[in-house]
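Spelled out, the chains give:
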Amino acid sequence: MERIGVVGCGLMGAGIAEVAARSGLDAVVVESSDAAAKAGLRRLEASLGRAAAKGKLGDETAESVLDRIRVTTELAALADRQLVVEAIVENEAAKVELFKKLDEIVTAPDAILASNTSSIPIMKLGVVTSRPQQVMGIHFFNPVPVLALVELVPSLLTSDETTERARSFVQDQLGKQAIDCQDRAGFVVNALLVPFILSAIRMLESGFATAEDIDRGLVLGAAHPQGPLALADLIGLDTTKAVAESLYEEFKEPLYAAPPLLARMVDAGLLGRKSGRGFYTY
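Overview of the structure. (Residues numbered from 1 in each chain as written. Predicted model: local features only at pLDDT ≥ 70, side-chain atom pairs only at ≥ 80, totals over all residues. Heavy atoms only, no water.)

## Details of the layout of surface pockets
Approximately 160 Å³ is the volume found for the second largest pocket. The wall of the second largest pocket is formed by Glu90, Asn91, Glu92, Ile120, Pro121, Lys124, Ala242, Glu245, Ser246, Glu249 and Glu250. Element by element, the count of residues in the lining of the second largest pocket is highest for helix H10 (residues 237-251), at five residues. Of the residues that constitute the lining of the second largest pocket, the class distribution is three nonpolar, two polar and six charged. (1 Å grid on protein atoms, 1.4 Å probe; cavity = no way out; pocket = protein on both sides within 12 Å on 5 of 7 lines; lining within 4 Å. Points joined across faces, edges and corners; volume = space filled by probe spheres on them. Helix = DSSP H or I, 4+ residues; strand = E, 2+ residues; numbered from the N terminus. Nonpolar A, V, L, I, M, F, W, Y, C, P; charged D, E, K, R; others polar.)

## Some points on the pairing of strand S6 (residues 135-140)
In the case of a regular strand, side chains alternate between the two sheet surfaces. Counting buried positions along S6 gives six out of six residues, so the element sits mostly inside the fold. Side chains of S6 alternate between two faces, with Val135, Gly137 and His139 and Met136, Ile138 and Phe140 buried alike. Judged from the three bridges that link them, strand S5 (residues 112-115) and S6 form a sheet pairing that is parallel. Looking at S6, one finds that Leu113 is bridged to Val135. Bridge count for S6 against strand S7 (residues 149-154) is five bridges, and the pairing is antiparallel. When the sheet's bridge partners are listed, Phe140 is paired in S7 with Val150. (Buried < 20%, exposed > 50% of the residue type's maximum accessible area, 1.4 Å probe, protein only. Pairing = 2+ DSSP bridges.)

## With respect to the packing of aromatic side chains
Counted by the stated rule, this structure contains one aromatic pair. Taking the centre distance of 5.6 Å and the plane angle of 40° together, the rings of Phe251 and Tyr256 count as tilted. (Phe/Tyr/Trp six-rings, centres within 6.5 Å; stacked < 30°, edge-to-face > 60°.)

## Re the pairing of strand S8 (residues 177-180)
In the sheet, S7 pairs with S8 via four bridges, with the strands oriented parallel. If you follow Val150 over to S8, its bridge partner there is Ala178. Considered for its hand, the β-α-β crossover made up of S7, helix H6 (residues 160-173) and S8 is right-handed. (Right-handed = clockwise from strand over helix to strand, strands pointing away.)

## A few points about the nonpolar core
Ranked by internal contacts, the top residues of the largest apolar core, which has 37 residues, are Leu83, Ile138, Phe140 and Leu152. Sorting elements by how many residues they give to this core places helix H1 (residues 11-22) first, with seven residues. Ignoring anything within four residues of it in the chain, the contact list for Ile138 reads Leu83, Ala114, Ser115, Asn116, Val150, Glu151, Leu152, Ala166 and Val170. Ile214, Val243, Leu247 and Met265 belong to the second largest nonpolar core, which has 24 residues in total. (Core = buried A, V, L, I, M, F, W, Y, C linked by side-chain atoms within 4.5 Å. Contact = heavy atoms within 4.5 Å.)

## Here's the deal with the sheet that holds S7
Taking strand neighbours across the sheet as the criterion, the eight strands line up as S3-S2-S1-S4-S5-S6-S7-S8 in an open arrangement whose pairing is mixed. Each of the sheet's edge strands pairs with one partner strand only, and the pair in question is strand S3 (69-72) and S8. Between one strand axis and the next, the sheet turns through 25° on average, direction left out of account. As judged from the four bridges shared by strand S1 (residues 3-7) and strand S4 (residues 83-86), these two strands associate in the parallel manner. Within the sheet, the bridge partner assigned to Ile4 lies in S4 and is Leu83. Contacts from helix H4 (residues 92-105) reach S1, S4, S5 and S6 within the one sheet, and its direction differs from that of S5 by about 165°. (Axes fitted to C-alpha atoms, helices over the stretch in contact; angles between N-to-C directions.)

## A word on H4
For H4, built from 14 residues, the straight-helix expectation of 20 Å at 1.5 Å per residue is met to within 8% by its first-to-last C-alpha distance of 20 Å. Taken together, the buried positions of H4 are Lys95, Val96, Leu98, Phe99, Leu102 and Asp103. Each buried residue of H4 lies within a common arc of 165° when the element is viewed along its axis, so the set occupies one face. Away from the buried face of H4 by more than 90 degrees, exposed residues Ala93 and Glu104 are located. In the core, the buried residues of H4 are packed alongside S1, S4, S5, helix H5 (122-126) and S6. (Expected span 1.5 Å × (residues − 1). Arc of directions from axis to C-beta.)

## Re the pattern of salt bridges
This structure, assessed with the given rule, holds 15 salt bridges. For Glu164, the salt bridge goes to Arg167, with nearest N and O atoms at 3.1 Å. Here Glu164 pairs with Arg167, and both are found in helix H6, just three residues apart, close to one helical turn. Through salt bridges with shared partners, one network takes in Arg3, Asp26, Asp80 and Arg81. (Salt bridge = Lys/Arg side-chain N within 4 Å of Asp/Glu carboxyl O.)

What follows is the structure, encoded as structure tokens:
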């Protein structure tokens, strides 16, 4: 892979573009508006600045890495990409519509169309294209420049060649570690993690313990780097709710159902770190 495309320049999209550029690849990132593109570029500049200050860019500068990233509002800029990773809002309808457009725009006959979704079945995205054998999930974890894990998620129609090319990209070019997942909502990590977070929200909702004590208990008693409610704030409560709904839709298990408190907080715009307030105030 030499030419990578990313759709979305939020926390995840910017992180994917950054690790690609830091690995020497040419990256085009597409955002939905000029304002979002400018915000995404600022996010990239800040992250690369921090990496440079910590000596993590080797002989390169933040500016030299940034030179390999172009942020635009034109989907047509992805036409020549060998791999495009979708990293937009966790909404099935929006992703389906985007994959229809990418199928028309990306011209390379062997290009891989990938989704960074954390929960939506890949089959639903692949079947709306003319090349489902080249559609798969490549799920990074936040913050992308720091966390080594990537979930590889082929659908029933994804070819073995596509999966192995994606594995080579993730492991050999980006230096990440890949695990293989079946195309089931939540894949591996979120199928385990989200019910754990939802249980913590139910505990808070019932008055069993405070948010601080729930999180302190898991940090000090189970050696977790942060508590489940602080983690939900980091992920985004809207994303946490969307993943829960996707899991519940697929499995109909009560442990996947979003608690009323989570739904009310999302309705109120209390989304965690990105809005300045969630279970904690930032």
